[in-house]
Amino acid sequence: MDPEIVPASDSAIARAAQLLCAGELVAFPTETVYGLGGDATSEAAVARIFAAKGRPRFNPLIVHVPGLAEAEPLAVFDERARNAARRFWPGPLTLVLPRRASGGLSLLASAGLDTVALRAPAHPVAQQLLRAAGIPIAAPSANRSGRISPTTAAHVAAELGSRVALILDGGACPVGLESTILDLTGPVPALLRPGGVTLEELREVFGSIATPAVGEHPPRAPGSLPSHYAPSLPVRLDALEARPGEALLAFGAEAPPGFAEVRWLSRSGDPTEAAANLFAALRQLDRAEFTGIAVMPIPERGLGHAINDRLRRAAAAKAPR
Ligand code: TXA
Ligand code: MG
């Protein structure tokens, strides 16, 4: 059965909110990627999310709220956390905080942890949906587990099919990368996942931020396993010349010759534009007719950090043939 994709009109958003309150799953756009939403106070709805994603149970989910007022009953906010929310919400920043037992959140949503990941998305459709539903919404990216995050409604339909009751179509996601995850449960803020808010922006607010050392995988988010962002084809990084049958993800004005197909992340060399194109481009090139996906070097500045993080995971999942 095909899923129902509807443009995100007022009436469609109202219907989606009703479905969420009834324990059904709804896919919706955020500024980062599409989310697979379910009632975060319902264990059954959250269990359905895991089932629909085929996701390992130990991966906790991000809980979405309209803003700080709705978040405070769910977790313990210290002054740092309030500052972060005031500065970056609504927007692509997820905060990991101590969970309040009185908040009524599903335990499964936190996968047994006594912390919870909270985020207030900026996308107007997400905002309207969250306010209409009036309940916190657990929403992982709307892909099957271990696959690329969807940035259009059509990607969601291809990933989840009839596992979702309704897909709200709000067009392509403007950021195109998942939210940054910042753990504020320890004395020093720790970056668990790079994303839409850059390390530079966080350092302006917090000064020092603990980051996973290069080549290590320490306090990373449990779900950020090396294979988490894997296309089916092998991925080869820092490619400067073609190998037979490869497709190319290009960055910058000039692409080396000889590739079977070329998709540009950004012709002007803009990491923000590259981030917005990343998952769609990977998806377009992830076809059996190619031997692999080669990626040109992408500088480690701004969102380049997050893009390279995603691509390294994809490359680690499958070495080139
Ligand atoms: O941009 C986003 O964050 C998107 C949109 C839909 O909001 N959501 C998203 O969710 O990327 P998901 O489930 O694909 O990734 C959530 C990440 C996982 O790596 C998970 O392990 C981590 O958040 N996470 C969730 N709760 C956590 C917690 N309590 N402590 C540490 N990491 C947590
Ligand atoms: Mg995901």
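Residues numbered from 1 in each chain as written. Chains lettered and ligands numbered in written order. Predicted model: local features only at pLDDT ≥ 70, side-chain atom pairs only at ≥ 80, totals over all residues. Heavy atoms only, no water.

1. Focus on the packing of helix α8 (residues 271-285) against helix α9 (residues 304-317)
A packed helix pair is summarised by two numbers, namely the angle formed by the two axes and the spacing between the axes.
Then step 1. Between α8 and α9, the least distance of the axes is 9 Å, while the angle of their chain directions is 25 degrees. With respect to each other, α8 and α9 are oriented roughly parallel. For the element pair α8 and α9, the recorded crossing hand is left-handed. Contacts from Pro271, Ala274, Ala275, Leu278, Phe279 and Leu282 of α8 reach α9 at Gly304, Ile307, Arg310 and Leu311.
Then step 2. A per-class count over the contact of α8 with α9 returns 8 nonpolar, 1 polar and 1 charged. (Axes fitted to C-alpha atoms, helices over the stretch in contact; angles between N-to-C directions. Helix = DSSP H or I, 4+ residues; strand = E, 2+ residues; numbered from the N terminus. Parallel < 35°, antiparallel > 145°, perpendicular 65-115°, else oblique. Left-handed = near helix turned anticlockwise from the far one by under 90°. Contact = heavy atoms within 4.5 Å. Nonpolar A, V, L, I, M, F, W, Y, C, P; charged D, E, K, R; others polar.)

2. Regarding the sheet that holds strand β6 (residues 115-119)
Then step 1. Taking strand neighbours across the sheet as the criterion, the 10 strands line up as β1-β8-β2-β3-β7-β4-β6-β5-β9-β10 in an open arrangement whose pairing is mixed. Each of the sheet's edge strands pairs with one partner strand only, and the pair in question is β1 (5-7) and β10 (190-193).
Then step 2. As judged from the 3 bridges shared by strand β4 (residues 62-64) and β6, these two strands associate in the parallel manner. Pairing of Ile62 across the sheet is with Ala117, part of β6.
Then step 3. Strands β5 (93-98), β9 (180-183) and β10 of the sheet are contacted by helix α7 (residues 199-206), whose axis makes an angle of about 30 degrees with β9. (Pairing = 2+ DSSP bridges.)

3. Comments concerning helix α5 (residues 124-133)
Then step 1. Buried within α5 are the following residues: Val125, Ala126, Gln127, Leu129, Leu130 and Ala133.
Then step 2. Residues of α5 that are buried in the fold lie against α1 (10-21), β2 (26-28), β4, β7 (137-138) and β8 (166-169).
Then step 3. In the stretch just after α5, Gly134 is the one whose phi turns positive, near 70 degrees. (Buried < 20%, exposed > 50% of the residue type's maximum accessible area, 1.4 Å probe, protein only.)

4. Describing the confidence of the model for the protein chain
Then step 1. Confidence in the prediction for the protein chain averages 89 pLDDT; 91% of positions are at 70 or higher.
Then step 2. Low pLDDT, under 50, characterises residues 214-220; the predicted model gives this stretch 7 contacts beyond four residues in sequence or across chains.
Then step 3. A low-confidence stretch, residues 222-228 stays under pLDDT 50, and its non-local contacts, those more than four residues away or across chains, total 19 contacts. (pLDDT = per-residue confidence, 0-100.)

5. Concerning the sheet that holds strand β11 (residues 235-236)
Then step 1. Strand order in this open sheet of 4 strands is β11-β14-β12-β13, and the pairing throughout is parallel. Single-partner strands in this sheet number two, and they are β11 and β13 (261-266).
Then step 2. Examined bridge by bridge, strand β12 (residues 246-251) and strand β14 (residues 292-295) share 4 bridges and lie parallel to one another. Residue pairing in the sheet places Glu246 in a bridge with Gly292 of β14.
Then step 3. Contacts between α8 and the sheet are confined to β12, β13 and β14, with β13 contributing the most and set at about 155 degrees to the helix.

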